[in-house]
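# Fold and contact review
The lines below spell out each chain.
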Amino acid sequence: MAKAPQYDTIVVGGGPAGLTAAMYAARARLRALLITKSGMGGQAATTLTIDNYPGFPQGTTGPELGRAIAAQAERFGAQIARDEVLELDLQGEPKTVRTKKLGTLSTRTIILAPGTQPRTLNVPGEGRLRGRGVSYCATCDADLYSDEEVAVIGNGDAAVEEGLYLTRFAKRVWLVVVHEEGTLDATPVIRERAFANERMGFIWNSVLEEIVGDEVVEEIILGNIATGEKQRLPVAGVFIFIGATPQTEFLAQQIELNQSGYIVTGQDMSTSVPGVFAAGDACQKYLRQVVTAAADGAVAAVAAEKFVREEEWLETVFSAPGALLVVCWSPAVRESYQAVYAAEQAAQNTGTRVVKLDLYRHRQLAGRLQVDKPPAILVVQDGTIAARLCGDFTADGVMESLRSVQERNEQCLPIERKEVNLDATSRQEQL
Amino acid sequence: MQPVDKNNFEQEVLGSRQPVLVDFWSPNCEKCIKLMPALQELEQRYHDKIKFVKVDVSKNRRLAIAQKVRNLPAIHLYRNGERVDAVNDQVTGEAVESTIKQVLH
Ligand SMILES: Cc1cc2nc3c(=O)[nH]c(=O)nc-3n(C[C@H](O)[C@H](O)[C@H](O)COP(=O)(O)OP(=O)(O)OC[C@H]3O[C@@H](n4cnc5c(N)ncnc54)[C@H](O)[C@@H]3O)c2cc1C
């Protein structure tokens, strides 16, 4: 037997998606490790007010929510480590995760929740003055701008909300908006709050062209897209909220990403690689919020649990010596009842073990056992599939196959005793 | 890490014989709070060569602005009353340590 993996699941990322996945996984008694390079709560922890997470009538804060989910996950036994995942090896069995500090860890499944990072505009001055007045985090830096003027670039929910937060400190917050007067991408509730706030100023039809400053930000240059005019605006800080890019570089060539780098998942949050799941903002999806990130995390963890249980099932079935009948059936396929009956009869008459596999509930396993559709009966001899039966099932037919498999086993060289290696079994001759 | 404010910054930082590492932080800044354990670890390792202090920016904003702090957390290193290096962006324990090593060289 190959060495058992150290973990049932390793979760990459400590935002709402990863933390929720770790919580669900640990609660399902999986040995779960969460690895995150920044603190608990991910991006959500960089924003102070979370007004729209259900269950908090007065709203909550990102850091508080992050800490609370982490505590909940740890209560169920999840381990949480501060580290960075550098690389995955998804080809081998078990899968491995290479980290900066903890070395290489082995696991049955992986749940990817690396989230996004703020998108940069790449205008002159932005890179050079980053950390010197160019900011992507209002709650981090707001204290420094009391009684100053600052600019916020962007006009979606995050931009306007963070701008509103900054008005508690700065004496003037200029929102630089690419749209014509009166139009913001932010939802109406947020838009109205912005228009009602006396410290908010709006610069319409404009884009940021350059950030100027010797050692720190001194002013910005805006371009008016309607008139082509340039405008210089003296500000002490520039806050940029123009969306996000997924932190999925370390996954390229490993799992399927869409053109923008987001992870492509199925409904059960499975990725293009079996046993690898994804959750949260890093996935291709319609709405990127804390509530949907948490929901993805729950789905991914339940799907990962199912995968782990199926792997364990396969291992027990294929590690047992002697003969065994695996009958693949489905409650939706009537003919499969006959197969179950025939297999059970044959098993009883010959003293062979029989296990039933509901392919409707375990589609993943159908693939691994290379059974297209139920019904089918597999004759397993010493851990390898010695025969695949299909067609009309009778107890006699099944017993006949069992006998011939066993005779062959006695006459010929013994069938190689393999570990759970399903590839090898597929090459067995079909009866 | 010793807290320093606008009243003793001059004496504790600019007037220090040893090089000084200043952590500009704020209780509102989650990233700053997350960074602290790493800084404390560095302090244990380097305290005989560098003095570690912290400035709460929410109470000493003018001082921070005068020291050209524009984003948090910001780690500034001073020697002989002058700022010799700083980590302003992507501030991690590792980034701070490599800056410390450069300054000590
Ligand atoms: C300014 C702002 C305001 C917002 N306001 C709201 C709001 O009011 N309500 C709301 O519902 N949503 C809000 N959101 C959106 C919300 O923050 C996100 O939808 C949510 O955080 C996504 O969670 P996540 O777990 O998918 O990813 P993230 O929160 O981004 O977390 C991902 C984590 O993974 C870590 N990570 C990435 N790569 C690795 C690696 N290789 N190794 C180890 N760790 C790694 C990251 O460091 C990070 O901690 C806001 C977002 C922003 C930016």
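Structure's up top.
Here we summarise the structure given alongside this text. (Residues numbered from 1 in each chain as written. Chains lettered and ligands numbered in written order. Predicted model: local features only at pLDDT ≥ 70, side-chain atom pairs only at ≥ 80, totals over all residues. Heavy atoms only, no water.)

## Looking at the side chain of N155 of chain A
- In this structure, N155 of chain A sits in the loop between β9 (149-153) and α4 (157-166).
- Contact partners of N155 of chain A, with chain neighbours within four places excluded, come to V160, V177, V178, H179, T183, L184, D185 and A186 of chain A. (Helix = DSSP H or I, 4+ residues; strand = E, 2+ residues; numbered from the N terminus. Contact = heavy atoms within 4.5 Å.)

## Digging into the state of the cysteines
- Under the defined criterion, the tally for this structure stands at two disulfides over all chains.
- Sulfur-sulfur distance for the disulfide between C137 of chain A and C140 of chain A comes to 2.1 Å. Every disulfide takes its handedness from the sign of the S-S torsion; for C137 of chain A and C140 of chain A that torsion is 75 degrees, giving right-handed.
- Assessed through its relative accessible area of 2%, C140 of chain A is described here as buried.
- Note on cysteine connectivity: C29 of chain B is disulfide-linked to C32 of chain B, with sulfurs 2.2 Å apart. Its S-S torsion of approximately 85 degrees makes the covalent link between C29 of chain B and C32 of chain B right-handed. Per residue, the accessibility class of C29 of chain B equals that of C32 of chain B, and both read buried.
- The structure places no disulfide on C390 of chain A, whose sulfur is separated from the nearest cysteine sulfur, that of C328 of chain A, by 11 Å.
- Here C390 of chain A falls in the exposed class, since its relative accessible area comes to 57%. (Disulfide = S-S within 2.5 Å. Buried < 20%, exposed > 50% of the residue type's maximum accessible area, 1.4 Å probe, protein only.)

## Overview of the pattern of salt bridges
Residues and elements named next belong to chain A.
- Taken as a whole, this structure holds 25 salt bridges over all chains when the rule is applied.
- In this structure, the salt-bridge partner of E161 is R193, at a minimum N-O distance of 3.9 Å. Here E161, found in helix α4, pairs with R193, found in helix α5 (residues 188-196); they are 32 residues apart in sequence, far enough to count as distant.
- In this structure E161 comes out as buried when scored by relative accessible area, which is 18%.
- On the accessibility criterion, R193 (37% relative accessible area) is partly exposed.
- A cluster of three or more residues bridged by salt bridges with shared partners is formed by D8, R31, R108 and E315. (Salt bridge = Lys/Arg side-chain N within 4 Å of Asp/Glu carboxyl O.)

## Observations concerning α4 of chain A
Residue and element names in this part refer to chain A.
- Among the ten residues that make up α4, eight are buried, leaving the element largely enclosed by the rest of the structure.
- Residues of α4 that are buried include every one of A159, V160, E161, E162, G163, L164, Y165 and L166, and no others.
- Contact partners of the buried residues in α4: α3 (138-141), β9, β10 (172-176), α5, β11 (200-203) and β15 (237-240).

## What about the site of the ligand?
Residue and element names in this part refer to chain A.
- The ligand sits among 35 residues. The nearest are S38, Q43, N52, D281 and V290.
- Measuring from a nitrogen atom of the ligand, one finds a backbone N or O atom of K37 at 3.0 Å.
- One of the side-chain nitrogen or oxygen atoms of S38 is found 2.8 Å away from an oxygen atom of the ligand.
- Protein burial of the ligand: of its 1000 Å² of free accessible surface, 93% is covered by the chains.
- Looking at the shell around the ligand, the elements that each hand over two or more residues are α1 (16-27), β2 (32-36), α4 and α6 (290-319).
- Looking at the shell around the ligand residue by residue, the class counts come to 13 nonpolar, 16 polar and six charged. (Near = heavy atom within 4 Å. Polar contact = N/O pair within 3.5 Å; in protein donor to acceptor, adjacent residues only side chain to side chain. Areas by Shrake-Rupley, 256 points an atom, 1.4 Å probe, with all protein chains shown as cover. Nonpolar A, V, L, I, M, F, W, Y, C, P; charged D, E, K, R; others polar.)

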